[in-house]
Amino acid sequence: NINAKYDITDRIDVSGRLGVDRRSVQGKEWRDAQTYITDLQPAHSDVSSFVEDFESQVTYLNGQILFTGDFDFNNTFTLKPIIGAQFISRDVRQSTITANNLSIPGFYDISNGTVEIQAVVDQVQRRTYGFFGDITLGYRDWAFLNVTGRQDYTSTLPPDDNGYFYPSAGLS
């Protein structure tokens, strides 16, 4: 993760953040065949053997840039604007290969299956990015008006309707 900040003037600064998180997993699962005696366990049926190899890679990437200000007008009014942008990216790839009905007990390899090998590959990408603003106007450190807005776009919605806006306002 990286963070950086730069003072453009004594009242305005810019800051940025970038983060990466990557995870990779590989593994194996297996089970020997199990035979049940129906007189002793009538609710159970025989279970076949299998071996399964799997792998998964997940990458998260996120970043943000902020421009912030802090202004004071004659000790009467204050103005604190923030504008920024943010993105989030998530990439996932998973695969599994399974062999059932192992012909050699205790030999847990995909080549040991007696039926057709089952393979599943799944890949997902998600992207979200947004732009936002936040303005706080103060009067004599007694009354404050805050107005915000954010426009986000996401890859999980249809391309022609993938954006949404949410505003807010408050007075204290």
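Being a predicted model, the structure only gives us computed values, none of them experimental. (Residues numbered from 1 in each chain as written. Predicted model: local features only at pLDDT ≥ 70, side-chain atom pairs only at ≥ 80, totals over all residues. Heavy atoms only, no water.)

Asker: I'd like a description of the overall build of the protein, backed by residues and values.
Answerer: Scanning the protein from terminus to terminus reveals 0 helices and 8 strands. When the elements of the protein are put in sequence order from the N terminus, they spell out β-β-β-β-β-β-β-β. In terms of C-alpha radius of gyration, the protein reaches 29 Å, well past the compact-globule figure of 16 Å for 172 residues. Each of the three principal axes of the protein carries a C-alpha extent, and together these read 90 × 35 × 35 Å. Taken across its 172 residues, the protein has 20% of its residues classed as buried. Contacts spanning at least 24 positions in sequence make up 56% of the contacts within the protein whose residues lie at least 6 apart. Carbon and sulfur atoms form 55% of the exposed surface of the protein, whose accessible area is close to 12,100 Å². Taking the average place of the 14 positive charges on the side chains of the protein and the average place of its 22 negative ones, the gap between the two points comes to 8 Å. (Helix = DSSP H or I, 4+ residues; strand = E, 2+ residues; numbered from the N terminus. Rg over C-alpha atoms; globule rule 2.2 N^0.38 Å. Buried < 20%, exposed > 50% of the residue type's maximum accessible area, 1.4 Å probe, protein only. Contact = heavy atoms within 4.5 Å. Areas by Shrake-Rupley, 256 points an atom, 1.4 Å probe, with all protein chains shown as cover. Lys, Arg positive; Asp, Glu negative; His and termini not counted. Charge placed at Lys NZ, Arg CZ, Asp CG, Glu CD.)

Asker: Please provide a residue-by-residue account of the confidence of the model for the protein, values included.
Answerer: Chain-level statistics for the protein give a pLDDT mean of 93 and a share of 100% at 70 or above. When mean pLDDT is taken per element in the protein, strand E3 (residues 50–69) scores highest with 97 and strand E4 (residues 71–73) scores lowest with 94. (pLDDT = per-residue confidence, 0-100.)

Asker: An account of the packing of aromatic side chains is needed here, citing residue identities and associated values.
Answerer: Both the distance between ring centres and the angle between the ring planes are used here to describe each pair of aromatic rings. Under the criterion given, the structure shown has 5 aromatic pairs. An angle of 25° between the planes, with centres 5.2 Å apart, marks the rings of Tyr129 and Tyr153 as stacked. Pair noted here: Tyr129 is in strand E6 (residues 118–139) and Tyr153 is in strand E7 (residues 143–154), with a separation of 24 residues, a long-range link. Judged by relative accessible area, Tyr129 falls into the partly exposed class, the value being 41%. Taken together, a centroid distance of 6.0 Å and an interplanar angle of 20° make the contact between Tyr164 and Tyr166 stacked. By relative accessible area, Tyr164 is classed as partly exposed at 34%. (Phe/Tyr/Trp six-rings, centres within 6.5 Å; stacked < 30°, edge-to-face > 60°.)

Asker: Describe a nonpolar patch on the surface, naming the residues involved and giving the relevant values.
Answerer: A grouping of Phe73, Phe77, Leu137, Tyr139, Trp142, Leu145, Val147 and Leu171 is seen on the molecular surface, where their side chains present a nonpolar patch of about 830 Å² in accessible area. Secondary-structure elements contributing two or more residues to the nonpolar patch are E6 and E7. Mapping Leu137 onto the fold places it in strand E6. (Patch = residues over 30% accessible without salt bridge, like charges linked within 9 Å, V, L, I, M, F, W, Y side chains within 5 Å. Salt bridge = Lys/Arg side-chain N within 4 Å of Asp/Glu carboxyl O.)

Asker: With reference to specific residues and values, describe the side chain of Thr76.
Answerer: Mapping Thr76 onto the fold places it in the loop between E4 and strand E5 (77–100). By relative accessible area, Thr76 is classed as buried at 18%. If we skip the residues at most four places from it in the chain, Thr76 touches Gly138, Tyr139 and Arg140.

Asker: Outline the pattern of salt bridges, supporting the account with residue identities and numerical values.
Answerer: Applying the stated criterion across every chain, the model contains 5 salt bridges. Asp13 is the partner of Lys5 in a salt bridge, and the nearest nitrogen-oxygen pair spans 3.9 Å. What makes Asp13 buried here is its relative accessible area of 14%. In this structure, Asp152 and Arg150 form a salt bridge, with 2.9 Å as the shortest nitrogen-oxygen distance.

Asker: Explain unusual backbone geometry residue by residue, including any values.
Answerer: Of note, Asn74 is a non-glycine position whose phi angle comes to about 55°, a positive value. Inspection of the secondary structure assignment puts Asn74 in the loop between E4 and E5. The phi angle at Asn101 is positive, at roughly 50°, despite the residue not being glycine. Looking at the secondary structure, you find Asn101 in the loop between E5 and E6.

Asker: Please give an account of the environment of Leu66 that cites residues and values.
Answerer: Topologically, Leu66 is positioned in strand E3. Along the chain, Leu66 and Ala85 lie 19 residues apart, while their C-alpha atoms are 6.8 Å from each other. Each residue touching Leu66, except ones within four places of it in the same chain, is listed here: Asp13, Val14, Ser15, Arg17, Ile82, Ile83, Gly84 and Phe132.

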